[in-house]
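The residues making up each chain are set out below.
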Amino acid sequence: MLIPRNRLLLWTALLIVPLATLAGLWPASLPPAIVLIGLLVVIVLFDAVCALGRLENLKVECDPVVRLSKDRAGHIALYFNNPLAQDREIRIGLPLPREMESPREELRVLIPGGKPRSLVRWECTPRKRGNYPLPRCHLEATSFLGFWSLRKPLPLKAELRVYPDLFGERKQVAALFLNRGSLGSHALRQTGKGRDFEKLREYIPGDSFEDIHWKATAKRGRPVTKVYQIERTQEIYVILDASRLSARELANPSRPGTQVSTLERFINAALVLAFAAERQGDLFGLLTFSDRVLNFVRACNGQAHYSLCRDMLYALPATIVTPDYDELFAFIRTRLRRRALLVFLTALDDPLLAESFTRNANLICRQHLMLVNMIQPPGVRPLFDAPDVHRTDDLYQRLGGHLIREQLLELEKSLGRHGIQFNLVANEQLSAEIVTQYLNVRRRQLV
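Overview of the structure. (Residues numbered from 1 in each chain as written. Predicted model: local features only at pLDDT ≥ 70, side-chain atom pairs only at ≥ 80, totals over all residues. Heavy atoms only, no water.)

1. Here's the deal with the overall build of the protein
- Within the protein one finds ten helices and 20 strands.
- Radius of gyration (C-alpha) of the protein: 34 Å, far over the 22 Å computed for a compact globule of 447 residues.
- For the C-alpha atoms alone, the extent of the protein along its principal axes is close to 130 × 70 × 40 Å.
- Within the protein, the proportion of its 447 residues that are buried is 43%.
- In the protein, once contacts between residues fewer than 6 apart in sequence are set aside, the share between residues at least 24 apart is 72%.
- Approximately 24600 Å² of the protein is accessible, and the part contributed by carbon and sulfur atoms is 55%.
- Computing the positive centroid from 61 side-chain charges and the negative centroid from 46, the protein places the two 6 Å apart. (Helix = DSSP H or I, 4+ residues; strand = E, 2+ residues; numbered from the N terminus. Rg over C-alpha atoms; globule rule 2.2 N^0.38 Å. Buried < 20%, exposed > 50% of the residue type's maximum accessible area, 1.4 Å probe, protein only. Contact = heavy atoms within 4.5 Å. Areas by Shrake-Rupley, 256 points an atom, 1.4 Å probe, with all protein chains shown as cover. Lys, Arg positive; Asp, Glu negative; His and termini not counted. Charge placed at Lys NZ, Arg CZ, Asp CG, Glu CD.)

This is how it looks when you write it as structure tokens:
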């Protein structure tokens, strides 16, 4: 597409308009005015024809998948191929989505000639996680005389993946990610002896009778004892609620003054726990649900498995539906046969949802170890622990928060009678609290 530039409009205003006016007022000047106007028109048309080849053979490529982190500055790499010997000065524009902030709307670059691959970085900062297509790149080049601009869209077919930013979450549990393997031995008290079979050995006085392997004893004619080791690979599953209660807005700990959804906080905590389980050598799995089971990843380990879990969560939306705990727990009973640690990230301040969760949790609490974590809603605290009460409306608001707190305390007692641990966690401490719970369970060998 050819676009007239300001230079063409300026020459038209300075030459054509005065000559046409002069020819109308003084007829004798008509022939030279026509010659000058015609000459300018020929030059402009010649410049337009030459401009059509300014972007010929120029190609642009981009990585098929561009990975970025939410609220962290990144860049999109564009690779230009200029087969001509001469340099080209072009203007670049990218149709970025609204969720992407960029310090500039356009970028002027000089593409060197004869280079098969020239790198141009477009700086941007994503403000919302998700998957965003980048279908094309818009280029603009100026004609030789500067009368015209040639604009041309080139296909990119790139995909922008914005992942949660875990930098702030990992800072809260920084001690967990320190590599202490080269700093010597560290004594760590271990509760229990483990129940993972290791080997058989001769009986030693003092061994428990329950550890005697009777078949091997009868075969060998002398007492043989079973030796156990501490379980090295436990299964940890994070069960993440993506229903309507997870769409509620909370204060963003990483960016004060902004809001973030409860689901966003759940996703960050789940990925931090996955990283911790990977470092401890355990198997990590993931299950997401709303009014049905959305995604399920069997417990495994390794960097490829962590990337799979992250790719499953980065574009997960919160849907305005009521969670179906009946289907969720039926799925868990049929798919998870081995005893595992189940970490639930959900909201149970709705009495009907809390009743449904308690009723279904009784079906699996004896088979699995369950930890239920909920972010403490704003204003849920004891009635007389609120010094900023100045009006009657403030008193009623604090009373409502107090009643919700009492209801959650009753739910904690009800779940505790079945061996289910319920935790009301502060928003900014969610990731650190979940990792601490996991390490305590692992240290006590409860799974």
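2. Comments concerning helix H7 (residues 325-335)
- Those residues of H7 lying buried are Tyr 325, Leu 328, Phe 329, Phe 331 and Ile 332. Projection of H7 onto a plane perpendicular to its axis shows the buried side chains occupying an angular sector of 155°, all on one side.
- At its buried positions, H7 is contacted by strand S13 (235-241), strand S16 (283-289), strand S17 (293-300), strand S18 (341-345), helix H8 (351-361) and strand S19 (369-375).
- The backbone nitrogen of Asp 326 has a side-chain oxygen 3.2 Å away, supplied by the residue at the start of H7, namely Asp 324. (Arc of directions from axis to C-beta. Polar contact = N/O pair within 3.5 Å; in protein donor to acceptor, adjacent residues only side chain to side chain.)

3. Here we look at unusual backbone geometry
- The phi torsion at Asn 57 lies on the positive side, around 65°, for a residue other than glycine.
- Examined against the element boundaries, Asn 57 turns out to sit in the loop between helix H2 (30-51) and strand S2 (59-62).
- Assessed through its relative accessible area of 48%, Asn 57 is described here as partly exposed.
- In this structure, Lys 157 is a non-glycine residue whose phi angle is positive, near 55°.

4. Notes on the pairing of S2
- The alternating pattern of S2 places Val 60 and Cys 62 on a buried face, while none of Lys 59 and Glu 61, on the opposite face, is buried.
- As judged from the four bridges shared by S2 and strand S4 (residues 74-81), these two strands associate in the antiparallel manner. Each residue of the ladder has a partner; that of Val 60, found in S4, is Phe 80. (Pairing = 2+ DSSP bridges.)

5. A short note on the side chain of Thr 125
- Within the element layout of this structure, Thr 125 appears in strand S8 (residues 118-126).
- In contact with Thr 125, other than residues within four places in its own chain, are Asp 71, Arg 72, Ala 73, Glu 99, Met 100 and Glu 101.

6. Re the packing of helix H5 (residues 262-280) against helix H10 (residues 430-444)
- Here H5 crosses H10 at 35°, and the two axes come no closer than 9 Å. Considering only the axes of H5 and H10, their crossing is right-handed. Across the interface between the two elements, Arg 265, Phe 266, Asn 268, Ala 269, Val 272, Leu 273, Ala 276, Ala 277 and Gln 280 of H5 pack against Leu 430, Ser 431, Ile 434, Val 435, Tyr 438, Leu 439 and Arg 442 of H10.
- Considering only residue class, the contact of H5 with H10 consists of eleven nonpolar, three polar and two charged. (Axes fitted to C-alpha atoms, helices over the stretch in contact; angles between N-to-C directions. Left-handed = near helix turned anticlockwise from the far one by under 90°. Nonpolar A, V, L, I, M, F, W, Y, C, P; charged D, E, K, R; others polar.)

7. As for the state of the cysteines
- As enumerated under the stated definition, the model contains zero disulfides in all.
- Left unpaired, Cys 62 is separated from the closest cysteine sulfur, that of Cys 137, by 8.9 Å.
- A relative accessible area of 13% means that Cys 62 is categorised as buried. (Disulfide = S-S within 2.5 Å.)

8. A word on the sheet that holds S8
- The strand order across the open sheet formed by four strands is S2-S4-S8-S6, and the pairing between neighbours is antiparallel. Strand pairing shows two members of the sheet lacking a second neighbour, S2 and strand S6 (100-101), which therefore form its edges.

9. Topic: the pattern of salt bridges
- Under the criterion given, the structure shown has 19 salt bridges.
- Its salt-bridge partner being Asp 71, residue Lys 70 comes within 2.9 Å of it at the nearest N-O pair. This pair shows no difference in class: Lys 70 is buried, exactly as Asp 71 is.
- Residues Glu 101 and Arg 127 are paired through a salt bridge, measuring 3.2 Å at the closest nitrogen-oxygen approach. A residue pair is termed long-range when its members are at least 10 positions apart, and Glu 101 in strand S6 and Arg 127 in the loop between S8 and strand S9 (130-142) qualify at 26 residues. (Salt bridge = Lys/Arg side-chain N within 4 Å of Asp/Glu carboxyl O.)

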